[in-house]
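Below are the chains, spelled out letter by letter.
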Amino acid sequence: MNQFPPTADRLRTRWLGRLPFAEAWDLQRAFWETRVGETGHDDVLLLLEHPPVYTLGRNGDGSNLLVSQEELAANGAEFHHIDRGGDITYHGPGQLVGYPILALADPKQIVPYVRKLEQTIIGALAELDVEAWSEDGLTGVWTHKGKVAAIGVRVSRGVTMHGFSLNVNTDLSGFGAMHPCGITDRSVTSVSELVGRETYIEDLVPVIERHFVATFGYSIVDTQHAAFARGQGRPREFLVDQLIEAGTFSAHRHSMEPVLFKGRLMGEPERPDWMKVKANMGTDFAEMKKLMRGLELNTVCEEAGCPNIYECWGQGTATIMILGEFCTRACSFCDVNTGKPTGLDLMEPFRVAEAVKVMGLEHAVITSVNRDDLDDGGSEVFAATIREIRRSSAGTSIEVLIPDFKGDTAALDTVMAEKPEVLNHNTETVLRLQRDVRTAANYGRSLALLARAKKANPEGRTKSGLIVGMGETEEEVLGALDDLHAVGVNIVTIGQYLRPTPRHARIVRYVHPDEFARYKAHGESLGIDRVESGPLVRSSYHAKESVQLSSV
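Because the structure is a prediction, the values reported are computed rather than measured.

Visitor: It is not clear to me how the overall build of the protein should be interpreted in this structure. Could you clarify?
Guide: If you tally the helices and strands in the protein, you get 17 helices and 19 strands. Sequence-distant contacts, at least 24 apart, represent 78% of the contacts inside the protein between residues at least 6 apart. Split by element, the accessible area of the protein, about 23,000 Å² in all, is 52% carbon and sulfur.

Visitor: Please clarify how the layout of surface pockets should be interpreted in this entry.
Guide: Space left empty within the atom packing is revealed by a probe, the size of a water molecule, rolled over the atoms. Approximately 530 Å³ is the volume attributed to the second largest pocket. Taken together, 33 residues form the lining of the second largest pocket, with Gly 85, Gly 86, Ile 151, Gly 152 and Val 153 sitting closest to its centre. Breaking the lining of the second largest pocket down by element, the ones donating at least two residues are strand E5 (88-91), strand E6 (95-101), helix H3 (110-126), strand E8 (138-143), strand E9 (146-156) and strand E10 (159-167). Counting residues per element, the lining of the second largest pocket draws most heavily on E9, at 7 residues. Here the residues of the lining of the second largest pocket are counted per class, giving 16 nonpolar, 11 polar and 6 charged.

Visitor: Looking at this model, I keep getting lost on the packing of helix H14 (residues 443-456) against helix H15 (residues 474-486). Mind explaining?
Guide: The description of two helices packed together rests on the angle between their axes and the distance between the axes. The interhelical angle for the contact between H14 and H15, taken along N-to-C directions, is 35°, at an axis separation of 9 Å. Two secondary-structure elements touch here, H14 through Tyr 443, Leu 447 and Leu 450 and H15 through Ala 480, Asp 483 and Leu 484. The class makeup of the residues in the contact of H14 with H15 is 5 nonpolar, no polar and 1 charged.

Visitor: For this particular structure, what's the right way to read the side chain of Gln 496?
Guide: With respect to the element layout, Gln 496 can be found in strand E18 (residues 491-496). Accessibility expressed as a relative area gives 0% for Gln 496, which makes it buried. Looking at Gln 496, its side chain comes within polar contact range of the main-chain nitrogen of Val 511, at 2.8 Å. Excluding anything up to four places from it in sequence, Gln 496 contacts Met 275, Val 468, Gly 469, Ile 507, Arg 509, Tyr 510, Val 511, Phe 516, Gly 534, Pro 535 and Arg 538.

Visitor: In this structure, what is going on with empty space enclosed by the protein? I would like to understand it.
Guide: Enumeration over the complete set of coordinates arrives at 5 cavities of 30 Å³ or more. Put simply, the largest cavity is a space of about 60 Å³. Together, 13 residues line the largest cavity, and Thr 89, Ala 149, Ala 150, Asn 167 and Phe 175 are the ones closest to its centre. By residue number, the principal contributor to the lining of the largest cavity is E9, which donates 4 residues.

Visitor: Quick question: what am I supposed to make of the packing of aromatic side chains here?
Guide: One pair of aromatic rings is described through two measures. These are the centre distance and the angle between the planes. One pass over the full model with this rule turns up 9 aromatic pairs. Note on Tyr 54 and Tyr 90: the rings are 4.9 Å apart at their centroids and 45° apart in plane angle, and the pair reads as tilted. Residue Tyr 54 is found in strand E3 (residues 53-56), and its partner Tyr 90 is found in strand E5; the two are separated by 36 residues along the sequence. Here the two residues Tyr 54 and Tyr 90 agree in accessibility, since each one is buried. Just above the ring of Trp 25 sits the side chain of Arg 29; from NZ or CZ to the centre is 4.4 Å. Sitting over the face of the ring of Trp 142, Arg 186 holds its NZ or CZ atom 4.2 Å from the ring centroid.

Visitor: Got a minute to help me understand the environment of Ile 389 in this structure?
Guide: Secondary-structure assignment places Ile 389 in helix H11 (residues 379-392). Assessed through its relative accessible area of 0%, Ile 389 is described here as buried. Ile 389 sits 25 residues away from Ala 364 along the chain, and the two C-alpha atoms are 8.6 Å apart. Excluding its chain neighbours within four sequence positions, the residues that come into contact with Ile 389 are Val 352, Ala 353, Val 356, Ala 364, Ile 366, Ala 394, Thr 396 and Ile 398.

Visitor: I keep staring at the nonpolar core and nothing clicks. Help me out?
Guide: One broad trend across soluble globular proteins is that nonpolar side chains are buried collectively. Grouped together as the largest cluster of nonpolar side chains are 93 residues, with contacts concentrated most on Leu 27, Leu 96, Leu 125, Leu 166, Val 487 and Ile 494. Leaving out residues up to four positions away in the same chain, Leu 166 has contacts with Gly 94, Gln 95, Leu 96, Ile 121, Leu 125, Val 148, Ala 149, Val 191, Leu 204 and Ile 208. If you look at the next biggest cluster of nonpolar residues, it comprises 31 residues, including Val 352, Ala 364, Val 369 and Phe 405.

Visitor: Sorry, what's going on with the sheet that holds strand E1 (residues 10-18) here?
Guide: Pairing between sheet strands relies on hydrogen bonds along the backbone, with the strands arranged either parallel or antiparallel. Read from one edge of the open sheet, 8 strands run E7-E8-E9-E10-E6-E2-E1-E11, paired in mixed fashion. For this open sheet the edge positions go to strand E7 (133-135) and strand E11 (220-225), each flanked by a neighbour on one side alone. Going across the sheet, the axis of each strand differs from the next one's by a mean of 20°, ignoring polarity. Each of E1, strand E2 (43-49), E6, E9 and E10 touches helix H1 (residues 21-37); the most contacted strand, E10, lies at about 145° to it.

Visitor: What should I look at first to understand the sheet that holds E5 in this one?
Guide: Spatially, the 3 strands line up as an open sheet ordered E4-E3-E5, and their pairing is mixed. Only two strands of the sheet have a single neighbouring strand rather than two, namely strand E4 (78-81) and E5. The mean angle between the axes of side-by-side strands here comes to 20°, regardless of whether they run parallel or antiparallel. As judged from the 4 bridges shared by E3 and E5, these two strands associate in the antiparallel manner. Note on E5: the bridge partner recorded for Thr 55 is Thr 89.

Visitor: Whenever I open this one, the packing of helix H12 (residues 409-416) against H14 confuses me. Can you help?
Guide: Here H12 crosses H14 at 45°, and the two axes come no closer than 10 Å. As judged from the angle between their axes, H12 and H14 are oblique. Both H12 and H14 take part in a crossing whose hand is right-handed. Residue-level inspection shows Thr 409, Leu 412 and Met 416 of H12 in contact with H14, the latter providing Leu 449, Arg 452, Ala 453 and Ala 456.

Visitor: Help me understand H14, please; the structure alone is not making it clear to me.
Guide: Each α-helix turn comprises 3.6 residues. Residues three or four places apart therefore point the same way. For H14, with 14 residues, the first-to-last C-alpha span of 20 Å sits near the 20 Å given by 1.5 Å per residue. Here H14 lies mainly inside the structure; 12 of its 14 residues are buried. Looking at H14, one finds that the buried residues are Tyr 443, Gly 444, Arg 445, Ser 446, Leu 447, Ala 448, Leu 449, Leu 450, Ala 451, Arg 452, Ala 453 and Lys 454. Its side-chain oxygen placed 2.7 Å from the backbone nitrogen of Gly 444, Asn 442 serves as the N-cap of H14.

Visitor: What is the right way to read the pairing of strand E19 (residues 530-533) from this model?
Guide: What you see with E19 is no split at all: Arg 530 and Glu 532 on one side and Val 531 and Ser 533 on the other are buried throughout. Sheet analysis places E18 next to E19, joined by 4 bridges and oriented parallel. Bridge pairing links Val 492 to Val 531 in E19. Handedness of the β-α-β unit built from E18, helix H16 (residues 513-526) and E19 comes out right-handed.

Calculation rules
- Residues numbered from 1 in each chain as written.
- Predicted model: local features only at pLDDT ≥ 70, side-chain atom pairs only at ≥ 80, totals over all residues.
- Heavy atoms only, no water.
- Helix = DSSP H or I, 4+ residues; strand = E, 2+ residues; numbered from the N terminus.
- Contact = heavy atoms within 4.5 Å.
- Areas by Shrake-Rupley, 256 points an atom, 1.4 Å probe, with all protein chains shown as cover.
- 1 Å grid on protein atoms, 1.4 Å probe; cavity = no way out; pocket = protein on both sides within 12 Å on 5 of 7 lines; lining within 4 Å.
- Points joined across faces, edges and corners; volume = space filled by probe spheres on them.
- Nonpolar A, V, L, I, M, F, W, Y, C, P; charged D, E, K, R; others polar.
- Axes fitted to C-alpha atoms, helices over the stretch in contact; angles between N-to-C directions.
- Buried < 20%, exposed > 50% of the residue type's maximum accessible area, 1.4 Å probe, protein only.
- Polar contact = N/O pair within 3.5 Å; in protein donor to acceptor, adjacent residues only side chain to side chain.
- Phe/Tyr/Trp six-rings, centres within 6.5 Å; stacked < 30°, edge-to-face > 60°.
- Lys NZ or Arg CZ within 6 Å of the ring centre and 35° of its normal.
- Core = buried A, V, L, I, M, F, W, Y, C linked by side-chain atoms within 4.5 Å.
- Pairing = 2+ DSSP bridges.
- Parallel < 35°, antiparallel > 145°, perpendicular 65-115°, else oblique.
- Left-handed = near helix turned anticlockwise from the far one by under 90°.
- Expected span 1.5 Å × (residues − 1).
- Right-handed = clockwise from strand over helix to strand, strands pointing away.

Next comes the structure, spelled out in structure tokens:
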């Protein structure tokens, strides 16, 4: 009999890859808030790796840090005071970090919970023929070569935060800047050191998950993994790397176009009837096109080849794309030009505001290319655009579909200070396919951004979108909806992937309308206010209607 049962019998485990500590901390807190507020919802185990960072728990006074914080920063390491127990610890590449967010059956039983975490790691190491143990008075997991795993937790309102870190193939020199956990007479070690060969995080993640599930007694588990990158796992090539090599995103295509048969790449399914769109280039469509060209504005409707352009433009709505027409990233699903942007048009916000005024929009949607070349990612231009629309069209609600700003909190704060009615950021696909679909992006980062946006403006709406038909499973999409709900997203759009050119990622399947209906039902059953789910749905499809309905 399990002496420490969870209050939920379902667990979601997520390997997120590498994520800076501050983003992971904000993501934890968002998941924690949802778990506290919904006692019947899932427990979660977040698994990840951090860039170099030192964290000082509430029991530490800093005396066990042997160098200055300035010296840490000069060596590329961060430092954070945090609200867990314990003293100082180090996280870095090659270390598997686990953050369980669990509702405890008895919140006062923190020590038994910590013992369970130790048992999880000890059992996982036993599978590698590593003998490990716990010691009274010294939290963590120990071996004959020293400490291999540290544990520091917090329990608030009956739900856990923080967790454990296991040195897999970690550069142990990072521990030289401190007395780990305040212990001065014991060494630290790694799994690779203990087994005598290079061991990857990829090898340990499924083993830790299996022992965690067994130790805590879950009956239902939803497991999703991001791709394992260099250093985390065995070398592998990704689809998007092949597309880049083939010149998919180059302005000057240097190889022959792939051969199509009846409009399809080899192995692609035939397009079903429900995916056929009628082109209606009426007067309203022509007027919209003329307006955009006259004001020298780009629209994502055109740049991304949206199938709903005739419907939306015919109704006088469009998603305006700012910050130029060249994106600094190359995503396998997207037809926006990839290249080096040229300059910054500071008059663009005024022209966007003029377009919104001329069209008489009740709800304006503004998006952009990625501008990783700019220190602020273009956030100030977003903010200026919001201000100018408000100045000239006071009654218009504003939705901004933003990039991730590379996790820059200040850039996000610049946009959120203007309090857009809707902050939209697309996760695009499920966790497993992120590396193949989105270059330089991160699922955990996107979730953290959405959580931060909700915290910055609780009265506003947050929104995200998924495209399907790229090789994901139905279960993975349902799990992504669980994750989006956990960070407070109010509106979700889900639509079919349509390959923009023969060079882009192939269509794996056409998702049946019944499956889209199941996504909608699942998302709304979780408590997401509005789920627009259908074959032709895109991120800005029915944007005005969605925000109105989500606020009812």
